[in-house]
Amino acid sequence: MRTNYCADTNESLVGKKVELVGWAGSYRDHGGVIFIDLRDRTGIVQLVCDPEHNKQAHELASTIRDEFVLKVKGSVRLRGEGLVNNKIPTGKIEVIVDELIIENKSDALPFVINDENVGEEIRLKYRYLDLRRPKMFDIFKTRSKVTTAVRSFLDTEGFLEVETPMLTKATPEGARDYIVPSRVHQGDFFALPQSPQLFKQLLMVGGFDKYFQIAKCFRDEDLRANRQPEFTQIDIEMSFCEQEDIIKLSENMMVEIFKAAGKTIKPPFNRITFDYSMENYGSDKPDCRFDLKLQDILGYFKDSSNEIFSSMSSDTKKNRIKALIIPGGDEKFSRKSIKELESFVTKFGAKGLAYFQMKEEGIKGPLLKFMSESSVESMVKDLGLKTGDIMFIGAGSKKTVLDYMGRLRLKVASDLGLIDENKFEFVWVVDFPMFEIEEGKFKATHHPFTMPKNIDAPLDEISSIAYDLALNGEELGGGSIRIHKTELQERVFKLLKISDEEANEKFGFLLDALKLGTPPHGGIAFGLDRIIMFLCKTSSIRDVIAFPKTQRAQCLMTQAPASVPTESLAELAIKVNIPNKN
């Protein structure tokens with residue numbers, strides 16, 4: 001129905017006939033001559049409907065309104081002197097209309113397509129209209145280029161794309177499963193996969209050697225700006241590999257991904273251990289675009305006159321006193337702004353926020369009365385404190401202090417404008433702990449199939465061959481070398497207090513496979529949606545998913561989830577009993 005797209009209509013076609021299709025983007029009547037901006041996915045071109053040129057087309061044009069679907073035949077000509085629009089690629093030409101067809105009309109729109117002030121709820125309700133915005137098309141054009149680049153790169157590297165099941169068995173992987181009832185096997189349920197983890201490991205057992213998949217995954221968890229109940233990941237697994245092989249492969253793939261979006265990055269990326277990351281940044285996904293690090297000052301309180309501080313410093317395993325030094329920052333923080341920072345950290349478990357100020361007459365601060373003079377002198381010298389500096393201090397249990405001081409680090413950097421928003425700062429975080437404590441119980445930090453490095457160490461000191469790639473303070477992806485021997489896998493299950501019966505019930509098929517010649521293997525998975533967020537500089541993952549859910553896991557457009565007929569539930573042997581459901 002077209003000879004070319006709107007944005008491809010240029011000076012090379014002057015004097016030639018063209019056929020175009022698209023939507024009416026705007027309508028202007030200038031003294032009898034009607035101008036219409038015709039828009040398709042590539043951009044816009046100006047149509048001219050002149051009654052002296054074609055009366056019938058002009059009369060029909062007078063009935064056109066925003067978002068009518070049009071088909072046009074006409075001739076390309078240069079715009080008149082002084083009428084060139086340099087803001088658009090087609091700004092030097094226009095199309096004089098010979099024939100105009102209205103393919104479809106449009107009712108009054110619920111919002112103006114290019115109005116950036118429209119609320120998200122109404123955009124999501126009419127998502128198909130929101131997708132007509134050029135900005136949205138550019139996002140999904142980038143997404144398409146990135147997935148094409150990933151497939152091309154991994155194909156060149158010898159990887160096979162294999163689809164793994166959507167209907168599988170519920171396994172504990174850290175989040176709630178979406179459950180699917182079986183009609184054929186009433187009372188039994190499938191689960192939608194949180195990841196293809198076990199299946200990609202089984203492909204390695206099957207000798208596929210190198211696997212990848214642009215995989216749909218599902219997690220029934222509370223949502224945030226960068227979380228969705230269904231998301232897409234670039235899933236990779238390979239046999240006979242070590243951590244270094246996967247890191248190198250991932251870095252080279254990132255180069256191709258960013259190149260597809262017109263951006264240049266240069267590996268190798270910086271690499272730090274989990275412990276270093278937590279102690280210096282208060283996070284396992286550090287933002288390294290600015291150089292503020294947390295400083296350990298626990299030792300300066302060993303001889304404190306305050307019993308709380310002195311007892312804290314006697315147990316360096318459980319407690320922390322951390323400082324965040326802002327060079328030249330004393331004048332930038334008023335008493336009011338310091339109070340606001342204190343209110344901020346108390347939301348994350350802090351009992352307060354102490355501080356030292358470096359004045360011309362010396363160091364000042366409420367904690368000085370609890371410290372010996374020699375400890376203060378050593379602290380000032382060791383930390384290189386200078387006049388005009390301010391140092392914020394957090395004290396308490398290790399996990400809590402690292403968390404809120406890490407958050408404080410990010411907030412202060414943002415408030416002071418220290419973050420370069422145009423910078424891409426990648427960092428690998430390696431040597432994760434094998435286990436972590438949650439609600440008083442040990443659980444696998446990544447998953448229980450991760451290879452431990454020092455299995456004979458105390459439980460809270462075992463580390464793993466696991467690695468995450470962070471970018472600008474967000475986790476892009478993570479992976480590990482997997483356990484490939486039955487004895488070691490069973491030992492890890494025992495450390496997690498998973499009985500033989502439970503292990504066989506949930507993972508029996510994997511344990512059986514490990515006994516039948518499983519090669520050493522490892523892999524990684526990257527969040528495709530999150531990568532596109534960075535490339536397109538969007539603040540929400542919903543912007544990069546064609547038909548996303550809200551933060552309440554609802555689709556406003558289709559009104560899903562929704563109830564189903566009673567007879568459909570009866571076929572599944574399900575009875576819904578929700579008291580006071582609205």
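Residues numbered from 1 in each chain as written. Predicted model: local features only at pLDDT ≥ 70, side-chain atom pairs only at ≥ 80, totals over all residues. Heavy atoms only, no water.

What the rule picks out here adds up to 38 salt bridges. When the shortest N-O distance is used, the salt bridge between Arg-39 and Glu-67 registers 2.8 Å. Here the residue Arg-39 occupies a position in strand 2 (residues 33-40), and Glu-67 occupies one in the loop between helix 1 (55-61) and strand 4 (69-78), the gap between them amounting to 28 residues. Classification of Arg-39 as buried rests on a relative accessible area of 8%. Its relative accessible area of 4% is what places Glu-67 among the buried residues. The shortest N-O distance in the salt bridge between Lys-359 and Asp-330 comes to 2.9 Å. Within this pair, whereas Lys-359 is found in strand 14 (residues 354-359), its partner Asp-330 is found in the loop between strand 13 (319-326) and helix 9 (335-346), the two being separated by 29 residues in sequence. The buried category is assigned to Asp-330, whose relative accessible area is 9%. Here the salt bridges share partners, and the residues they tie into one network are Glu-116, Arg-123, Arg-127, Asp-130 and Arg-133. (Salt bridge = Lys/Arg side-chain N within 4 Å of Asp/Glu carboxyl O. Helix = DSSP H or I, 4+ residues; strand = E, 2+ residues; numbered from the N terminus. Buried < 20%, exposed > 50% of the residue type's maximum accessible area, 1.4 Å probe, protein only.)

Summed over all chains, the structure comprises zero disulfides. Residue Cys-6 stays outside any disulfide, its sulfur separated by 14 Å from that of Cys-49, the closest cysteine. (Disulfide = S-S within 2.5 Å.)

A word on the sheet that holds strand 3 (residues 43-49). The strand order around the closed barrel formed by five strands is 1-2-3-5-4, and the pairing between neighbours is mixed. Geometrically, the sheet is characterised by an average inter-axis angle of 55° between neighbouring strands, direction not taken into account. One ladder, built from seven bridges, connects strand 1 (residues 17-30) with strand 2; its direction is antiparallel. Counterpart to Ala-24 in the pairing with strand 2 is Leu-38. (Pairing = 2+ DSSP bridges. Axes fitted to C-alpha atoms, helices over the stretch in contact; angles between N-to-C directions.)

Three or more residues of helix 10 (residues 373-383) are buried, namely Ser-375, Val-376, Met-379, Val-380 and Leu-383. Projected down its long axis, helix 10 shows its buried positions confined to an angular sector of 130°, all on one face. Set apart from the buried face of helix 10 by more than 90 degrees, the exposed residues are Glu-373, Glu-377, Lys-381 and Asp-382. Elements in contact with the buried residues of helix 10: strand 12 (294-296), strand 13, strand 14, strand 15 (362-364) and strand 16 (390-397). Gly-384 sits one or two positions beyond helix 10 and adopts a positive phi of about 65°. (Arc of directions from axis to C-beta. Contact = heavy atoms within 4.5 Å.)

Our focus in this paragraph is the packing of helix 4 (residues 134-156) against helix 14 (residues 528-536). Axis separation between helix 4 and helix 14 bottoms out at 10 Å; the angle between their running directions is 125°. By the angle between their axes, helix 4 is oblique relative to helix 14. For helix 4 against helix 14, the interelement crossing comes out right-handed. Along its contact with helix 4, which presents Ile-139, Thr-142, Arg-143, Val-146 and Thr-147, the element helix 14 presents Leu-528, Asp-529, Ile-532, Leu-535 and Cys-536. Residue composition of the contact of helix 4 with helix 14, grouped by class: six nonpolar, two polar and two charged. (Parallel < 35°, antiparallel > 145°, perpendicular 65-115°, else oblique. Left-handed = near helix turned anticlockwise from the far one by under 90°. Nonpolar A, V, L, I, M, F, W, Y, C, P; charged D, E, K, R; others polar.)

For the structure shown, the criterion picks out 13 aromatic pairs. A centroid spacing of 6.3 Å and a plane angle of 85° characterise the contact between Tyr-126 and Tyr-128, whose relative ring orientation is edge-to-face. Their ring planes at 80° and their centres at 5.3 Å tell us that Phe-449 and Phe-507 sit as a pair that is edge-to-face. Taken together, the residues Phe-449 in the loop between strand 19 (441-444) and strand 20 (466-471) and Phe-507 in helix 13 (residues 500-514) connect sequence positions 58 residues apart. For the pair formed by Phe-449 and Phe-507, the shared burial category is buried. Sitting over the ring of Tyr-27, Arg-65 keeps its end group 5.8 Å from the ring centre. Its guanidinium or amino end placed over the ring of Phe-344, Lys-411 lies 5.4 Å from that ring's centre, counting from NZ or CZ. (Phe/Tyr/Trp six-rings, centres within 6.5 Å; stacked < 30°, edge-to-face > 60°. Lys NZ or Arg CZ within 6 Å of the ring centre and 35° of its normal.)

We now examine the domain arrangement of the protein. Looking at the assigned domains, one finds that the protein contains domain 1 (6-104), domain 2 (136-265 + 429-566) and domain 3 (290-419). Averaged C-alpha coordinates put domain 2 and domain 3 at centres separated by 38 Å. (Domains from an automatic or database assignment.)

In a soluble, globular protein the nonpolar side chains are often hidden away together inside. Ile-234, Met-254, Ile-257 and Phe-526 are the most contacted members of the largest nonpolar core, which totals 61 residues. It is helix 6 (residues 243-260) that provides the largest number of residues to this core, a total of eight residues. If we skip the residues at most four places from it in the chain, Ile-257 touches Val-146, Val-150, Ile-234, Ile-531 and Leu-535. (Core = buried A, V, L, I, M, F, W, Y, C linked by side-chain atoms within 4.5 Å.)

Taken in spatial order, the five strands line up as 12-13-16-14-15 in an open sheet, and their pairing is antiparallel. The open sheet is flanked by strand 12 and strand 15, the only strands paired with a single partner. The sheet shows a mean angle of 30° between the axes of neighbouring strands, direction not considered. Relative to strand 13, strand 12 runs antiparallel, the two sharing three bridges. Considered in strand 13, the bridge of Leu-294 is made with Leu-324. Of the strands in this sheet, strand 12, strand 13, strand 14, strand 15 and strand 16 are in contact with helix 10, which crosses strand 15 at around 105°.

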